[in-house]
Every structure is written in C-alpha cells, then in structure tokens.
Amino acid sequence: SEGWTRHSMDQSVLMRYVPDGSLLAVLGIHVDDILGRCRNASVIQALPERFKWGSLFFGASEYLFCGRRVLMKSRTIQVSMPSHNVAIEINRLPRERRARPEAPLEGGEPSELISGIGSLQWVGSNVNPPIQACVSMAQGGSPTVETLMQVQSMLKEVRSNPDEGITLLCMDRESAMIVTFGDGSWANVGNRTQAGYVTYLAQPSCLTPEGGVASMVDWRSHRLKRACHCTLYAEAMASRAAATSAT
C-alpha cells in the first residue's frame with residue numbers, strides 16, 4: 001500500500017513513517033496472521049475494511065499469535081507458550097525398559113522420541129533457549145532407551161514450567177546495537193562437536209564494566225558439520241556462525 005516500505009532484512013515486515021522520519025507503524029506478516037503496532041489505529045483502518053478477518057484486536061495487552069502468548073507491559077514484552085506446554089503428553093516407559101538404558105529403541109519408542117524432540121524443538125526455538133543444547137545433542141547417532149528417557153525428562157521440565165519464555169526490553173532505536181556470543185565444545189558428544197550462539201539487541205552500556213540492558217533475539221545450538229581437529233578450530237567455527245546470525 002502507499003506509504004508503506006519493506007524492511008531491508010525481512011520482506012514480511014512493513015513500516016510506515018511520517019515526513020520527519022519518525023516511525024508511525026510497523027506490521028509483521030506470517031502466512032495469514034498479522035501482528036503490528038501503530039501510534040493511531042486509523043493508520044491501518046484500511047485493513048479490516050478490505051479483508052475478512054477471523055478475529056481482530058486493537059490495543060490488547062495480552063493476546064495469542066501463532067501459538068505464542070504475548071504479554072505487553074509498559075517497557076517489556078513477554079513471549080511464552082503455556083497452552084502448548086501444559087498439553088504435552090508423556091508415555092512413561094515400563095520399568096523393565098528403564099532398567100536397560102543402553103538398549104536400542106524398539107516398537108513405538110522411535111516414534112515417541114521423534115515426537116518428543118519435535119515438541120522440544122518447537123518450544124526451544126521460539127521461547128525457551130536453555131533447552132536447545134539438550135535437544136540438539138539428543139538427535140543423530142544411534143538413540144537408546146537412555147536418549148528417550150532424557151527427552152522425556154526435558155518434556156516434564158517444560159510441562160512443569162509452562163510460563164517460561166523470553167522477555168524483550170524497550171530499547172532506544174537510535175543507540176541500540178547487536179551483540180553476539182558464540183562458543184564450541186570440541187568432541188563433547190562422541191566425536192561430534194557442539195556449537196551454539198546467542199544474539200542480543202542491546203544498549204551500548206552493556207559493554208561497560210557496569211553493564212546494561214539487552215534482549216535475546218536469536219539463539220541456536222547445533223552440531224558442526226565440518227570436522228574439527230582441535231578446540232580452537234571448534235570455537236572459531238562457532239564464532240563464525242554467531243557472526244553470521246548477527247549480520
């Protein structure tokens with residue numbers, strides 16, 4: 001529409017500015033869902049007039065968007081997935097199977113493992129960064145009963161803490177900066193090397209000894225595909241992945 005421009009880093013994000021350059025409104029589009037913020041509802045009044053909506057909310061401080069609960073406060077936005085987490089189902093393994101953790105999976109156990117990893121990956125990649133490493137390391141190789149038990153243990157933890165999520169802090173747009181950290185653990189899972197990174201939107205004060213505020217906006221834990229012959233190589237590859245995510 002006239003007056004709207006696409007964000008240079010994400011074509012599904014639209015922005016509208018006033019003549020003096022101030023941001024007037026921003027819209028994010030995901031398939032047939034839209035999430036936005038504007039100074040005045042009249043800016044997007046054409047949308048409900050032009051399209052048919054299943055539901056439309058203006059000025060809500062709490063709402064659901066693509067399965068995530070978004071809670072807006074004065075200077076923070078909290079994102080979590082309580083509805084998904086409390087609905088997690090876990091089929092407890094029989095005692096005789098739990099007594100043999102080294103045994104290979106059989107029967108319906110491989111499907112249980114795939115389903116459990118899928119649920120954890122969905123939560124971890126969206127609102128729960130701490131579980132990402134465990135989920136990544138549970139994949140690949142030859143899974144055993146112990147692998148399935150570890151995944152079920154993580155599922156229980158997520159279900160027991162359904163409101164766990166991320167908090168985004170209000171930042172000054174002009175001075176905000178991107179800070180990223182990457183690290184690798186050489187051959188920590190057999191002969192595989194695990195790497196990970198976290199990327200923050202931060203205020204410059206976070207680089208001072210006194211510290212400052214920052215919001216985690218991207219994260220990942222993954223196995224390095226390239227063979228690493230030493231710890232330094234693993235950490236360099238992890239740092240490269242971190243830098244790539246920040247750019």
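Here, the structure is the one placed above.
Anyway, here's the lowdown on the structure attached to this text. (Residues numbered from 1 in each chain as written. Predicted model: local features only at pLDDT ≥ 70, side-chain atom pairs only at ≥ 80, totals over all residues. Heavy atoms only, no water.)

Here the focus is the nonpolar core. The nonpolar side chains of a soluble globular protein tend to be buried with one another. L120 and V151 are the most contacted members of the largest nonpolar core, which has 24 residues in total. Of all the elements in the fold, those that place two or more residues in this core are α4 (109-126), α6 (145-160) and β11 (214-223). Among the elements that line this core, the one with the most residues is α6, at 6 residues. In this structure, L120 is in contact with I131, V135, V151, M154, L155 and V158, ignoring residues within four places of it in sequence. Among the nonpolar cores identified, the runner-up in size contains 7 residues, and W4, L24, A25 and L27 belong to it. (Core = buried A, V, L, I, M, F, W, Y, C linked by side-chain atoms within 4.5 Å. Buried < 20%, exposed > 50% of the residue type's maximum accessible area, 1.4 Å probe, protein only. Helix = DSSP H or I, 4+ residues; strand = E, 2+ residues; numbered from the N terminus. Contact = heavy atoms within 4.5 Å.)

A few words now on a nonpolar patch on the surface. A cluster of nonpolar residues, I178, L201 and V217, forms a patch on the protein surface that exposes about 240 Å² of accessible area. Classification of V217 by relative accessible area gives partly exposed; the value is 46%. (Patch = residues over 30% accessible without salt bridge, like charges linked within 9 Å, V, L, I, M, F, W, Y side chains within 5 Å. Areas by Shrake-Rupley, 256 points an atom, 1.4 Å probe, with all protein chains shown as cover. Salt bridge = Lys/Arg side-chain N within 4 Å of Asp/Glu carboxyl O.)

Its 16 residues give helix α7 (residues 231-246) an end-to-end C-alpha distance of 23 Å, which sits within 8% of 22 Å, the value for a rise of 1.5 Å per residue. Those residues of α7 not exposed but buried are A234, M237, A238, A241, A242 and A246. On its buried side, α7 packs onto β9 (177-189), β10 (192-202) and β11. (Expected span 1.5 Å × (residues − 1).)

Time to look at the sheet that holds strand β6 (residues 68-72). Pairing is antiparallel in the open sheet, where 4 strands are placed in the order β5-β6-β7-β8. Pairing within the sheet leaves two strands with one partner each, and these edge strands are β5 (62-65) and β8 (165-169). Each adjacent strand pair in this sheet contributes to an overall mean axis angle of 20°, direction not counted. In this sheet, β6 lies alongside β5 in antiparallel orientation, the contact comprising 4 bridges. Considered in β6, the bridge of F65 is made with R68. (Pairing = 2+ DSSP bridges. Axes fitted to C-alpha atoms, helices over the stretch in contact; angles between N-to-C directions.)

This structure, assessed with the given rule, holds 1 aromatic pair. Taking 6.0 Å as the distance between ring centres and 80° as the angle between the ring planes, the aromatic pair formed by F181 and Y200 counts as edge-to-face. One end of the pair, F181, is in strand β9; the other, Y200, is in strand β10, and 19 residues separate them in sequence. (Phe/Tyr/Trp six-rings, centres within 6.5 Å; stacked < 30°, edge-to-face > 60°.)

The next thing to look at is the sheet that holds β9. Ordered by their spatial adjacency, 3 strands build an open sheet running β9-β10-β11, and the pairing between neighbours is antiparallel. With one partner strand each, in any of the chains shown, β9 and β11 form the two edges of the open sheet. Taken over all neighbouring pairs, the strand axes of this sheet differ in orientation by 15° on average, direction set aside. Relative to β10, β9 runs antiparallel, the two sharing 10 bridges. Opposite G182, over in β10, you have Y197 as the bridge partner. Seen against the sheet, α7 touches β9, β10 and β11 and runs at an angle of roughly 145° to β9.

In this section: α6. An ideal rise of 1.5 Å per residue puts 22 Å on 16 residues; α6 measures up with 22 Å between its terminal C-alpha atoms. Within the sequence span of α6, burial applies to V145, T147, L148, V151, Q152, M154, L155 and V158. Buried residues along α6 sit against α2 (82-86), α3 (95-98), α4 and α5 (132-137).

Quick look at a positive patch on the surface now. A surface patch of positive charge is lined by R92, R95, K156 and R159. Tracing the sequence through the fold places K156 in helix α6. (Lys, Arg positive; Asp, Glu negative; His and termini not counted. Charge placed at Lys NZ, Arg CZ, Asp CG, Glu CD.)

The next thing to look at is the packing of α4 against α6. Remark: α4 packs on α6, axes separated minimally by 10 Å, with the N-to-C direction vectors making an angle of 40°. As summarised for this structure, α4 and α6 are arranged oblique, according to the angle between their axes. The interaxial crossing formed by α4 with α6 has left-handed handedness. Note on element contacts: α6 touches α4 through V145, T147, L148, V151, M154, L155 and V158, opposite E109, E112, L113, G116, I117, S119, L120 and V123. (Parallel < 35°, antiparallel > 145°, perpendicular 65-115°, else oblique. Left-handed = near helix turned anticlockwise from the far one by under 90°.)

Turning our attention to unusual backbone geometry. A positive phi is found at V31, a non-glycine position, where the angle reads about 55°. Residue position: V31 is located in the loop between β3 (23-30) and β4 (33-38). Phi is positive for C66, close to 55°, though the residue is something other than glycine. Within the fold, C66 resides in the loop between β5 and β6.

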